[in-house]
There are 6 protein chains.
Amino acid sequence: MTITAPPLSSPLRPSGRRPEQMRLIRLTPAANKYAEGSCLVEYGDTKVLCTASIDEKVPSFLRNSGKGWVTAEYGMLPRSTHSRSDREAARGKQSGRTQEIQRLIGRALRSAINLADLGERQIKIDCDVLQADGGTRTAAISGAWVALWWACQNLLTQKLITTHPLAVQVAAVSCGIYQGITVLDLDYAEDSAAETDGNFILTNQNGIIEIQATAEKTPFNDDEFLAMLRLARLGVAEIFALQRAAIAPAIGQK
Amino acid sequence: MTITAPPLSSPLRPSGRRPEQMRLIRLTPAANKYAEGSCLVEYGDTKVLCTASIDEKVPSFLRNSGKGWVTAEYGMLPRSTHSRSDREAARGKQSGRTQEIQRLIGRALRSAINLADLGERQIKIDCDVLQADGGTRTAAISGAWVALWWACQNLLTQKLITTHPLAVQVAAVSCGIYQGITVLDLDYAEDSAAETDGNFILTNQNGIIEIQATAEKTPFNDDEFLAMLRLARLGVAEIFALQRAAIAPAIGQK
Amino acid sequence: MTITAPPLSSPLRPSGRRPEQMRLIRLTPAANKYAEGSCLVEYGDTKVLCTASIDEKVPSFLRNSGKGWVTAEYGMLPRSTHSRSDREAARGKQSGRTQEIQRLIGRALRSAINLADLGERQIKIDCDVLQADGGTRTAAISGAWVALWWACQNLLTQKLITTHPLAVQVAAVSCGIYQGITVLDLDYAEDSAAETDGNFILTNQNGIIEIQATAEKTPFNDDEFLAMLRLARLGVAEIFALQRAAIAPAIGQK
Amino acid sequence: MTITAPPLSSPLRPSGRRPEQMRLIRLTPAANKYAEGSCLVEYGDTKVLCTASIDEKVPSFLRNSGKGWVTAEYGMLPRSTHSRSDREAARGKQSGRTQEIQRLIGRALRSAINLADLGERQIKIDCDVLQADGGTRTAAISGAWVALWWACQNLLTQKLITTHPLAVQVAAVSCGIYQGITVLDLDYAEDSAAETDGNFILTNQNGIIEIQATAEKTPFNDDEFLAMLRLARLGVAEIFALQRAAIAPAIGQK
Amino acid sequence: MTITAPPLSSPLRPSGRRPEQMRLIRLTPAANKYAEGSCLVEYGDTKVLCTASIDEKVPSFLRNSGKGWVTAEYGMLPRSTHSRSDREAARGKQSGRTQEIQRLIGRALRSAINLADLGERQIKIDCDVLQADGGTRTAAISGAWVALWWACQNLLTQKLITTHPLAVQVAAVSCGIYQGITVLDLDYAEDSAAETDGNFILTNQNGIIEIQATAEKTPFNDDEFLAMLRLARLGVAEIFALQRAAIAPAIGQK
Amino acid sequence: MTITAPPLSSPLRPSGRRPEQMRLIRLTPAANKYAEGSCLVEYGDTKVLCTASIDEKVPSFLRNSGKGWVTAEYGMLPRSTHSRSDREAARGKQSGRTQEIQRLIGRALRSAINLADLGERQIKIDCDVLQADGGTRTAAISGAWVALWWACQNLLTQKLITTHPLAVQVAAVSCGIYQGITVLDLDYAEDSAAETDGNFILTNQNGIIEIQATAEKTPFNDDEFLAMLRLARLGVAEIFALQRAAIAPAIGQK
């Protein structure tokens, strides 16, 4: 279930990776015994446990609409990071960053799913970061797609729905400009020093679901932006293959 | 201080505007008696009061660094919207949307300012929406830049700094795909029905500070994205002119 | 819509006003595009935006009673004051002062309205201070009355009610003892230094709705109290005239 | 330590009291083993435990000023009332009513004490309602004065201060208009049905510290207000005598 | 209603008590005018006011079950302790200690009551510490039992239930190892210095409801544990007698 | 690193285990890349990730004492349980149960460590439940001991301390009475139906650190309690062996 990038190293990146080289990606489905769908996603040392829980109640604005909903929550274990962070439950509120990320994950998955085919029920995605080495939000999205797929498959198997509502694949990867070079899938060492940082959420049909690109230090230009977008397409191609492998047992593929 | 767009109307947009036509934009500096810098910004019926308050204390991570900081807060009056929303102070917390927007405003302004020239002090930007008809975050950024500029000018006049730290103009505008047409500066009627919605924060030197583009319903493609970016450049050109007018009294221009 | 006090100045008060002289008062109705009723009220440099929002749901204790309810919320923009205050939404709770003031506004308006004539619905008043130079709570009450009146008129026009439920006018003004002199309508310079400070909420039929008078430094006596009450009656007479002007378009008066 | 009012009853009030008759008042000093000053105050069935705790730290705005501070907190036990109320600690915040009352108590006591004679320390008053039958805030003020007096006496005995800083007595009582009659010291049965309700905080030197009078149903007039003020002076005279008794052991009086 | 332990003193304990000697225990029923059941419990200088309030609504998980529920809340007045503690309502949350204790009280009482005989209603116990000298949680349980008994008796008298649901007595006492000696009913001086501290909640039929024993400094062994349990049985025997006296008026005993 | 219990099954327990049979226990040290010490502990399907983070600051009451401190936090991932629970960070507070457990873990570890040998620093233990099948608090304690041991070893290796401060082993296990039989190491199926449930925190030197035993339905007696204690000693013996294996690489054992 693992695709290893060729071992040619490069002096440009702290990890020795070439600019267009992803970290080692793993998607391990069924990582939790109870959830209707789950996936442990790893982008190198970044590890996120994604679960999908089916709730037969929908938010009040969807009652009697016949349509379903997908929502997401995100959290980091206090020592998932290099130095320990405060526990959000102890501080009594989620940070702005946490809320921004969980809104992003939910929005991305809702764009990909046919909410009418899901029926009037809600799927709650939980993305909990066990270890963080940069790119947790992009890893979360790629893994959450697998968890969501299995939860839907579960409904299909139980004949609670008739059509699998997740027809399009969604994956995400970061790109950035690090020491003047456009690089793919930033790890923490790069992320904390990059001039520009972008997250690209893309579909396996060449569509764009969401783009967020930010100049951390100096404004970037159109060409730099387009170079990042091109690298991102390379990166997600690899993840799409691994997602298909992670759902292969159900769809009878190899 | 107002530039009126030509009155040719179009049946395509609810407002009758042509696809590349901005709403009537106004930037009124000195809109608050006490703040070191302030600006009332209007994008049509969207009205945001922006103030810049100088605080001689910096966050602890900058103490003794010689560098300053810019931070932003955002809020909406409960009845700024079509139907009344709950007051965040009464609910006891800021929504994820509020936090996302205020983080965006702060990040955009910090990208434009020379924090060393500001000296070891903090400028707090408050963007309070008096009336909301779509595009509040982009209006807030364009108006906040004017408030921030005047607060810096204030420091310069008092000889507390020697160089105006805000050398580059920053403005923001939204673009979207509405009924298949790429349009500029969405109002609420368009925003709530658009297929795709993007916010572009740009500099007057052709740089990109931040881009956020989201497919609300169906994924978009590269060409659609580039068309939005081109429209955005048209829109901010108009705002840059109005910003210069809003600071003209100090820089001796007309 | 403005009544200017005669320009005779006095050395006794920081503003040069005579003891019985109000600041310049303005009441601008329809200050918000969406609210069912609204009014921008100014007492000199104090500016409060008041909106009235109709909600067809009443609090649970009034369900099936046939009676309505009026409630109020109050807030200050962070930089409405001379130096910036923390944003209550960011701190996560409303201060005791805020709660005290919004309870006062709600109580005052409920005393003036016929809740049975309003029908089983709720009107929510929002008073947001854009700029504060003393007397924000009294300005809020006088302006909220106008916003509430228009919201009721709106119901009447739509034939949702048959009798305008607001038959009595309510206005408020502060009085105090400043450097031994009893003065009307204190501004911030006086308020922060006054020996005694009182708020008087009165009706246009000589009734008293609420009186709060506090010795800030030394206790006061009955005569001083009565002198403040007499001045307050002078002050509200002026406001009652402006309130009538602010509702004149609807009642066919000039 | 108890003054019993004459037993002549009246049909006008639920309790059978005459209009100008107080409930049975008790002030029991030293009601808590640990506090520097304490008093259990009873106004009939209303019972409030008041403690005064000395804290050698002052709020930051008084540091190095040589002046002290007095602050107060108020709470009700959940079943102090006829039907159980939610516990504020469990709900996670103090109600607006609680905050309003504790601000009132603190303000009243600060008006009476010489903060310079107290020295740079803070006295924290806690008023906890064990049983509530109307008038808890007025009982709290009268009892808190005794607790505060003993805490100051304690400082004097320890020679930490040289002058007792509490030279004036402060007591409070409610008055109201009940079924058209002006009555003194309302109990719950009257309070919940009164047309008008006022709280009077007065000194033993004929001064007024604070007056709050509110029309619950119909506005009141000047004469009614003055009648309430006259009754209040009768009521506090009785309390002043009991306060002197409660501090008699220290001042060598009977 | 009081049993005094023999006055033989001992040099081993700060209070001079013998190892197996309880403090003076008092249980005063009907200590609150409004509650359906109440008891002021004193273990020496520790004083806790316990009330039982009947609520005809049960938690949702018991609706239509025919069964009732008992729940408890615990609080300390800020100056119940030697030095003043923060008020939990002001801090905005209950401490972990408070929650632990109130969960313990509720659990203990639910173990003793026949929830089916109680019928589909809830009894809410409030235990508020007026003065704390160690052992507040054990005092609270012993007193809460009396309050709960009277609330049930109240239901029986009103013929709302047919069988008194509280057939077994529950009382609690602490034991500990203090300077190497196993002692009963620790006061604050002992509690804060004990090597081991345990709370024993026992029934009058030799049953154990809950045991919590903690090594504060060094681990203890089985024999030490059993010695504490034996002392605890002695202590509760005394409390059971006082509980019977506190309910005697209803059961016609002396 | 795994000891498998003999496969003899029993009809008495849902899992087929014999009364005195533990689940399969695993202790995997170094389960987190960044923490100074860490351990993934598994009691059957219960999985808890424990990390130990060194913080050079101590709580203020220990400043300049030369002594260190150990504290613990506990959390459950929302879908660690059979059905999804609310995320505590989203609800804005930790439940009473969470606080009770994290206080228990901290207390247990502090009893075992020599705080003077640790030096003036704090070790923060985080126990995050990835999957919950009963016994999470006991698993957390056994695993936290390993994480804490490695964090101390880390200090020793860096020569920041001279003596390993954790000389005694601490482990915990639950026992209960399930369908009349005393059983060891309850899983969720047993835990939710047990008559009595106890947690035993014991040392490898026969000492008791903490005992909590609760009658869920009917009171238990002394013999039943002692039977549970005996079983618990059997259970922890197994865990002590696995703890030694988990630290073997450092202490040169096999």
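Thresholds applied
- Residues numbered from 1 in each chain as written.
- Chains lettered and ligands numbered in written order.
- Predicted model: local features only at pLDDT ≥ 70, side-chain atom pairs only at ≥ 80, totals over all residues.
- Heavy atoms only, no water.
- Helix = DSSP H or I, 4+ residues; strand = E, 2+ residues; numbered from the N terminus.
- Rg over C-alpha atoms; globule rule 2.2 N^0.38 Å.
- Buried < 20%, exposed > 50% of the residue type's maximum accessible area, 1.4 Å probe, protein only.
- Contact = heavy atoms within 4.5 Å.
- Areas by Shrake-Rupley, 256 points an atom, 1.4 Å probe, with all protein chains shown as cover.
- Least-squares fit on C-alpha atoms with pLDDT ≥ 70 in both.
- Pairing = 2+ DSSP bridges.
- Axes fitted to C-alpha atoms, helices over the stretch in contact; angles between N-to-C directions.
- Buried area = accessible area lost by both parts, 1.4 Å probe.
- Salt bridge = Lys/Arg side-chain N within 4 Å of Asp/Glu carboxyl O.
- Polar contact = N/O pair within 3.5 Å; in protein donor to acceptor, adjacent residues only side chain to side chain.
- Parallel < 35°, antiparallel > 145°, perpendicular 65-115°, else oblique.
- Left-handed = near helix turned anticlockwise from the far one by under 90°.
- Nonpolar A, V, L, I, M, F, W, Y, C, P; charged D, E, K, R; others polar.
- 1 Å grid on protein atoms, 1.4 Å probe; cavity = no way out; pocket = protein on both sides within 12 Å on 5 of 7 lines; lining within 4 Å.
- Points joined across faces, edges and corners; volume = space filled by probe spheres on them.
- Expected span 1.5 Å × (residues − 1).
- pLDDT = per-residue confidence, 0-100.

### A look at the overall build of chain A
Of the regular secondary structure elements, chain A holds six helices and 10 strands. Taking 2.2 N^0.38 as the reference for a compact globule, 254 residues should give roughly 18 Å; the C-alpha atoms of chain A span a radius of gyration of 18 Å, in line with that estimate. The C-alpha extent of chain A, read off along each of the three principal axes, is 55 × 45 × 35 Å. Counting over 254 residues, chain A shows a buried share of 60%. Pairs at least 24 apart in sequence give 68% of the contacts found in chain A among residues at least 6 apart. With the model as given, the accessible surface of chain A reaches about 9,600 Å², and the carbon-plus-sulfur share is 50%.

### Looking at the arrangement of the chains
The two partners chain A and chain D share no contact, and the minimum distance between any of their C-alpha atoms is 11 Å. The two units chain B and chain E are non-contacting; their minimal C-alpha-C-alpha distance is 11 Å.

### A word on unusual backbone geometry
For Q179 of chain E, which is not a glycine, the phi torsion comes out positive at approximately 50°. Along the chain, Q179 of chain E turns up in the loop between β7 (170-178) and β8 (181-184). A positive phi is found at A30 of chain F, a non-glycine position, where the angle reads about 60°. Tracing the backbone shows A30 of chain F in the loop between β2 (25-29) and β3 (37-43).

### A word on the relation of the copies chain B and chain C
Expressed as a screw transformation, the operator carrying chain B onto chain C has a rotation angle of 180° and an axial translation of 0.0 Å, and the superposed copies differ by an RMSD of 0.0 Å. When the rotation and shift are considered jointly, the pair of chain copies conforms to a two-fold rotation axis. A shared binding surface is used by both copies, with 100% of the interface residues of chain B retained as interface residues in chain C.

### Some words on the sheet that holds strand β10 (residues 208-215) of chain C
The strands that make up a sheet are held in pairs by hydrogen bonds between backbone atoms, and each pair lies either parallel or antiparallel. Spatially, the eight strands line up as an open sheet ordered β8(C)-β7(C)-β9(C)-β10(C)-β10(D)-β9(D)-β7(D)-β8(D), and their pairing is antiparallel. Bordering the open sheet on either side are β8 (181-184) of chain C together with β8 (181-184) of chain D, each of which pairs with just one other strand. Strand-to-strand twist in this sheet, taken as the mean axis angle between neighbours without regard to direction, amounts to 15°. Pairing between strand β9 (residues 196-203) of chain C and β10 of chain C: seven bridges, direction antiparallel. By the bridge assignment for β10 of chain C, F200 of chain C is matched with I211 of chain C.

### Regarding the interface of chain A and chain F
On the side of chain F, 36 residues touch chain A, which itself brings 36 residues to the contact. Between chain A and chain F, a total of about 2,800 Å² is buried, with carbon and sulfur atoms accounting for 47% of that surface. For chain A, the biggest contributors to the area lost against chain F are Y34, R79 and R87 of chain A; these three give 28% of the whole. Seen at the junction of chain A and chain F, the total is 14 salt bridges. R84 of chain F is paired through a salt bridge with D126 of chain A; the nearest N and O atoms lie 2.5 Å apart. The tally of links from chain A across to chain F stands at 24 residue pairs in polar contact (both at pLDDT 80 or more). Elements with a minimum of two residues in the side of chain A that touches chain F: β4 (46-55), β5 (69-76), α1 (88-91) and β6 (122-131) of chain A.

### A look at the packing of helix α4 (residues 136-157) of chain E against helix α6 (residues 222-251) of chain E
All names here are of chain E. Contact geometry for α4 and α6: axes closest at 10 Å, N-to-C directions at 20°. For the element pair α4 / α6, the angle class is roughly parallel. Our pair here, α4 against α6, has a crossing hand that is right-handed. Contacts between α4 and α6 involve S142, W145, V146, W149, W150 and Q153 on the former and, on the latter, I239, Q243, A246, I247, P249, A250 and I251. Each residue belonging to the contact of α4 with α6 can be placed in one class, and the counts come to 10 nonpolar, three polar and no charged.

### Structural notes on empty space enclosed by the protein
A water-sized probe rolled over the atoms picks out the places where empty space is left. Summed over all chains, the structure comprises eight cavities of 30 Å³ or more. The volume enclosed by the largest cavity comes to roughly 260 Å³. Of all the secondary structure elements, the ones that give two or more residues to the lining of the largest cavity are β5 and α1 of chain A together with β5 (69-76) and α1 (88-91) of chain F. A per-class count over the lining of the largest cavity returns 10 nonpolar, three polar and six charged.

### A word on the pattern of salt bridges
Per the counting criterion, the structure on display carries 119 salt bridges over all chains. In this structure, R79 of chain E engages E36 of chain D in a salt bridge whose closest nitrogen and oxygen atoms are separated by 2.7 Å. Of this pair, R79 of chain E sits in the loop between β5 (69-76) and α1 (88-91) while E36 of chain D sits in the loop between β2 (25-29) and β3 (37-43), on two different chains. By relative accessible area, R79 of chain E is classed as buried at 5%. Its relative accessible area of 23% is what places E36 of chain D among the partly exposed residues.

### Considerations on the side chain of S80 of chain F
Along the chain, S80 of chain F falls in the loop between β5 and α1. A distance of 2.7 Å separates the side chain of S80 of chain F from the backbone oxygen of L77 of chain F, its partner in a polar contact. With residues up to four places along the chain from it excluded, the contact list for S80 of chain F reads N32 and Y34 of chain A together with V129, L130, Q131 and A132 of chain F.

### Quick word on the pairing of strand β4 (residues 46-55) of chain C
Residues and elements named next belong to chain C. Along β4, eight of the 10 residues are buried, which leaves the element largely enclosed by surrounding structure. Both strand β3 (residues 37-43) and β4 contribute to a ladder of seven bridges, which runs antiparallel. Paired with G37 across the strands is A52, a residue of β4. Hairpin connection between β3 and β4: a loop of two residues separates the two successive antiparallel strands, and G44 in this loop has a positive phi of roughly 60°. Pairing of β4 with strand β6 (residues 122-131), which is carried by nine bridges, proceeds in the antiparallel orientation. Looking across to β6, one finds that A52 is bridged to I125.

### Things to note about helix α6 (residues 222-251) of chain D
Under the 1.5 Å per step criterion, the end-to-end length of α6 of chain D is 41 Å for 30 residues, consistent within 8% with the ideal 44 Å. For α6 of chain D, the capping residue at the N-terminal end is N221 of chain D, with a side-chain oxygen 3.1 Å from the backbone nitrogen of D223 of chain D.

### Observations concerning the interface of chain B and chain C
Taken together, the contact pairs 36 residues of chain B with 36 residues of chain C. Both faces considered, chain B and chain C share a buried interface measuring about 2,800 Å² in area, 47% of it formed by carbon and sulfur atoms. Looking at the side of chain B facing chain C, the largest losses of area belong to Y34, R79 and R87 of chain B, adding up to 28% of the total buried there. Between chain B and chain C we count 14 salt bridges in total.

### What about the confidence of the model for chain A?
Residue and element names in this part refer to chain A. Of all residues in chain A, 94% attain a pLDDT of 70 or more, and the chain-wide mean is 93. Low pLDDT (under 50) marks residues 1-7, which in the prediction has 19 contacts with non-local residues, meaning those over four places away or in another chain. Reported confidence for the predicted complex is 0.91 by ipTM and 0.88 by pTM.

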